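Letter by letter, the chains look like this.
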Amino acid sequence: MKVIIIGGVAAGAKAAAKIRRLAPDTEINLYTDDDYVSYSSCGLPYYIGGAFEDFRMLLVRTPAEFEKQKIHIHLRHKVIKIMPDTKEVLINVIDKNKNITKPYDKLVIATGARARIPEIINVNLPQVLPLRTLNDGKKLKELTVKSNKAIIIGGGYIGLELIEAFVKRGIHVTMVHNSSHLLTRLDADMSELVYDQLMSISHSRFDILLNENVIEFVGDKNRFYGAKLSSGQFIDGDFAVLATGIIPNSEIALEAGIELGVTKAIKVNEKMETSVKDIYACGDCCEENLIIDNKPTWYPLGSTANKEGRCAAMNVCGISESFGGVLGSAVTRCMDLTVSQTGMSEKTARLRGIEPISVTVTKDDKVGYMPDSNNITLKLTAEKSTGRLIGGQAIGSMDADKRINTLASAILARLTAAEFCMNDLTYAPPFSPTIDPLLNAAMMLRDKIINL
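Please read these numbers as outputs of a predicted model, since none were measured by experiment. (Residues numbered from 1 in each chain as written. Predicted model: local features only at pLDDT ≥ 70, side-chain atom pairs only at ≥ 80, totals over all residues. Heavy atoms only, no water.)

Undergrad: So what's going on with the state of the cysteines? Which residues, and what values?
TA: Counted by the stated rule, this structure contains 0 disulfides. Here Cys285 is not disulfide-linked; the sulfur of Cys286 is the nearest cysteine sulfur, at 5.2 Å. (Disulfide = S-S within 2.5 Å.)

Structural data, given as structure tokens:
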């Protein structure tokens, strides 16, 4: 069997390794237009911030290591066309500027996603960069060495992680965000809390400008001066980062007659099969179902990509495996402030036809006399008509994600708030109060539902 994989960061590399373990005699060729394969793009902000200095720490496996398993990695090879009728792909060999055609029996599309580039004057200046690939990270790391001021456009996860990275490098940061709230997947009240807590610890090291748009970058190929805003304000900076979201690389699938989903990512079934026989898709290029309502969504996350790559590989090899969907569980950190979430926010629930009911509590994350005790704010959301837990958000202490991980398991088990109150969570003074804040929230939510 000949298997071709397009893309080799998380999902593609995982699929290749799993196929080799399951089918030792399969011919596996992986094509990517990148300079690297199998690396942790999620670690880029921490590399830039100086958590480690050698970018090779981000490499999970090199082409030479893959080759030892007879997995053939082709760097700087861009697949430009899929031809399902003949079961072939057309590939541009970038360094030789020539095209070649290769046949497949099974094809795995793991083309990922690309940075969304906003329409801003001079957005192509060399000092204006996205952060998506390892090469992006290396360029940004070089810029931090010789810079004093940075501009971040966008207030999502990557933007917040880069505030921390640049501040650790002694660089003053101005974040410009075109919405009234950071982290727009959060409910507005929790987003406002993130903003307030960040500004309380800024100490003039960074600024966050909401409801602002960059309309022009000012500079030339040799020097960058800053950015003009729609309000008329000018922001000084030595470089700028575009943290304005990502777009699924699904065009090559669409051109091949493969069906896209409502999110414009590739539509797949639970076996990661596309609408075309013998073609699979996994990772950031494809959409998933949200487990709560079993309707399509698109949550591009590295953890999801790895699970999907594994699932695709098993089905390529004839072993039936299903991917059940996602809850969108996520966590980030900025200046020792942790933000984590899972499932539906109130806003998302209403958009998807579910009437939510929520409670918000702020408690100590440990017994108050412990020296590292800190506040944690939890918002817990249930379906109003049934009491079934559907989502949660946590902000504050470094252990915020611990509560969200627990909640994610409860949502997966379809527990109600009342049922969750019986959960036997651990207790010791260094780890939690006698009644964990998550149980406090569940009890309040249960009582609120009872008293409707």
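After presenting the structure, the write-up continues.
Undergrad: Describe in detail the sheet that holds strand β12 (residues 206–209), supporting the description with residues and values.
TA: Across the sheet, 5 strands lie side by side as β9-β16-β10-β11-β12; this open sheet has parallel pairing. One side of each edge strand has no neighbouring strand; the edge strands of this open sheet are β9 (128–130) and β12. For this sheet, the mean inter-axis angle between neighbouring strands, taken without regard to orientation, is 20°. For strand β10 (residues 149–153) and strand β16 (residues 239–242), the ladder comprises 4 bridges, and the chain directions are parallel. Within β16, the position partnered with Ile153 by the bridge is Leu242. Packed on one face of the sheet, helix α5 (residues 157–168) meets β10, β11 (172–176), β12 and β16 and runs near 165° to β11. (Pairing = 2+ DSSP bridges. Helix = DSSP H or I, 4+ residues; strand = E, 2+ residues; numbered from the N terminus. Axes fitted to C-alpha atoms, helices over the stretch in contact; angles between N-to-C directions. Contact = heavy atoms within 4.5 Å.)

Undergrad: Could you give an account of the nonpolar core, naming the residues involved and the relevant values?
TA: Membership of the largest hydrophobic core comes to 78 residues, with the highest contact counts inside it found for Ile5, Ile82, Leu107, Ile109, Ile266, Leu380 and Leu389. Sorting elements by how many residues they give to this core places helix α10 (residues 400–412) first, with 6 residues. Among all residues touching Ile82, those that are not within four sequence positions of it are Ile6, Glu88, Val89, Tyr104, Leu107, Ile109, Ile252, Ala256 and Ile279. Within the second largest apolar cluster, 41 residues are counted, among which are Leu58, Leu183, Val241 and Ile395. (Core = buried A, V, L, I, M, F, W, Y, C linked by side-chain atoms within 4.5 Å. Buried < 20%, exposed > 50% of the residue type's maximum accessible area, 1.4 Å probe, protein only.)

Undergrad: Could you give me a rundown of the packing of aromatic side chains, with the residues and numbers involved?
TA: Overall, the coordinates contain 4 aromatic pairs when judged by the stated rule. The interplanar angle of 85° and the centroid separation of 5.3 Å between the aromatic rings of Phe166 and Phe239 together place this pair among those described as edge-to-face. You can see Phe166 sitting in helix α5 and its partner Phe239 sitting in strand β16, a full 73 residues away along the chain. We note that Phe166, like Phe239, is buried. Positioned over the ring face of Phe66 is Arg61, at 4.9 Å from the centre of the ring. Directly above the ring of Phe55 sits Lys138, whose terminal nitrogen or CZ lies 4.3 Å from the centroid. (Phe/Tyr/Trp six-rings, centres within 6.5 Å; stacked < 30°, edge-to-face > 60°. Lys NZ or Arg CZ within 6 Å of the ring centre and 35° of its normal.)

Undergrad: Now, about the environment of Arg132: what can you tell me, with residues and values included?
TA: Position of Arg132 relative to the elements: it lies in the loop between β9 and α4 (134–145). As a C-alpha pair, Arg132 and Leu44 span 88 residues in sequence and 8.5 Å in three-dimensional space. Setting aside its immediate chain neighbours within four residues, Arg132 contacts Ser41, Leu44, Ala113, Arg114, Ala115, Ile246 and Asp284.

Undergrad: Go over the environment of Tyr46, please, and point to the residues and values.
TA: Tracing the sequence through the fold places Tyr46 in helix α2 (residues 44–48). By relative accessible area, Tyr46 is classed as partly exposed at 26%. The residues touching Tyr46, leaving out its near neighbours within four places in the chain, are Ala51, Phe52, Glu161, Glu164 and Arg333.

Undergrad: Kindly report on the pattern of salt bridges, identifying the contributing residues and their values.
TA: Here the structure, examined in full by the defined rule, presents 27 salt bridges. For the salt bridge of Arg352 with Asp293, the shortest nitrogen-to-oxygen distance reads 2.7 Å. Of this pair, Arg352 sits in the loop between α9 (346–351) and β23 (356–364) while Asp293 sits in the loop between β19 (288–290) and β20 (295–297), placing them 59 residues apart in sequence. With respect to class, Arg352 is no different from Asp293; both count as buried. (Salt bridge = Lys/Arg side-chain N within 4 Å of Asp/Glu carboxyl O.)

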